[in-house]
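What follows is each chain in one-letter form.
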Amino acid sequence: MSNLAELRQLLLDKREELLIRVKALEKDIRHTDAPLNADFAEQAVELENSEVLDALDDEARLTLRMIDRSLKRMDAGEYETCTECGATIPEQRLNALPYTDLCVSCAEQREH
């Protein structure tokens, strides 16, 4: 997949998928379908589950922000350029992680 139009569509599809997931997670976190259970032990389990759901929600929202930035970078003609060093992000990296804004070298440096 080397075409920017294909990558854009991939990002848009992923964005739509994440928006649906965030909406479902938000519903589960807020217990809009049913209130917390009256049993204290069951409430503890539900609250633990809520912490996991919060983490999943945070991750999905972070990815959404990254996708939105990538789409803006595409529109500005900066999509294939590393935001740290200005080098070209290899096509293989963009195909594997289309919402990245870092080349491999800068991503590795950031991890350490």
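This text goes with the structure placed above it.
(A) Just helix α1 (residues 4-29), in detail. In this model, α1 (26 residues) spans 36 Å end to end at C-alpha, consistent with the 38 Å of a helix rising 1.5 Å per residue. Taken as a whole, α1 has its buried residues at Leu7, Leu11, Leu18, Val22, Leu25 and Ile29. Capping the start of α1 is the job of one residue whose side-chain oxygen sits 2.7 Å from the backbone nitrogen of Ala5: Asn3.

(B) Representation of the side chain of Asp101 within the structure. Residue position: Asp101 is located in the loop between α3 (91-96) and α4 (104-111). Comment: no salt bridge for buried Asp101; closest opposite-charge side chain is Arg69, at 4.5 Å. If we skip the residues at most four places from it in the chain, Asp101 touches Arg73, Thr81, Cys82, Thr83 and Ile89.

(C) Representation of the pattern of salt bridges within the structure. Evaluated as defined, the whole model comprises seven salt bridges. Salt-bridge contacts for Arg15 lead to Asp68; the nearest nitrogen and oxygen are separated by 2.6 Å. Of this pair, Arg15 sits in helix α1 while Asp68 is found in helix α2 (residues 40-76), placing the two residues 53 residues apart along the sequence. One salt bridge connects Arg21 with Glu17, and the closest N-O pair in it is separated by 3.0 Å. One end of the pair is Arg21 and the other is Glu17, both in helix α1 and four residues apart, which spans about a single turn. Relative accessible area serves as the criterion here: at 38%, Arg21 is assigned to the partly exposed category. The exposure class assigned to Glu17 is partly exposed, which follows from its relative accessible area of 38%. Each of Lys14, Glu17 and Arg21 takes part in salt bridges that share partners, so that together they form one network.

Reading the values: rules and limits
- Residue numbers restart at each chain and count upward from 1, following the sequence in its written direction.
- For this predicted model, a pLDDT threshold of at least 70 governs which residues receive local features, and a threshold of 80 or more governs which side-chain atom pairs are given and counted, while totals over whole chains, interfaces and linings are taken from all residues.
- Just so you know, side-chain values use all the structure's heavy atoms and leave hydrogens and water out.
- For the purposes of this entry, the term helix denotes a DSSP run of H or I that reaches at least four residues, the term strand denotes a run of E that reaches at least two, and both are numbered from the N terminus.
- What a helix is expected to span follows from its residue count: subtract one and scale by 1.5 Å.
- Under the scheme applied here, a residue whose accessible area is under 20% of the maximum for its type counts as buried, over 50% as exposed, and between as partly exposed, the area being computed with a 1.4 Å probe on protein chains only.
- Polar contacts, as counted here, are pairs of nitrogen or oxygen atoms within 3.5 Å of one another; within protein the pair requires one atom able to donate a hydrogen and one able to accept it, and residues that are adjacent in sequence qualify only if both atoms are side-chain atoms.
- Counting rule applied: Lys, Arg positive; Asp, Glu negative; His and chain ends not counted.
- We count a salt bridge whenever a side-chain nitrogen from Lys or Arg sits within 4 Å of a carboxyl oxygen from Asp or Glu.
- We call two residues contacting when some pair of their heavy atoms lies within 4.5 Å.

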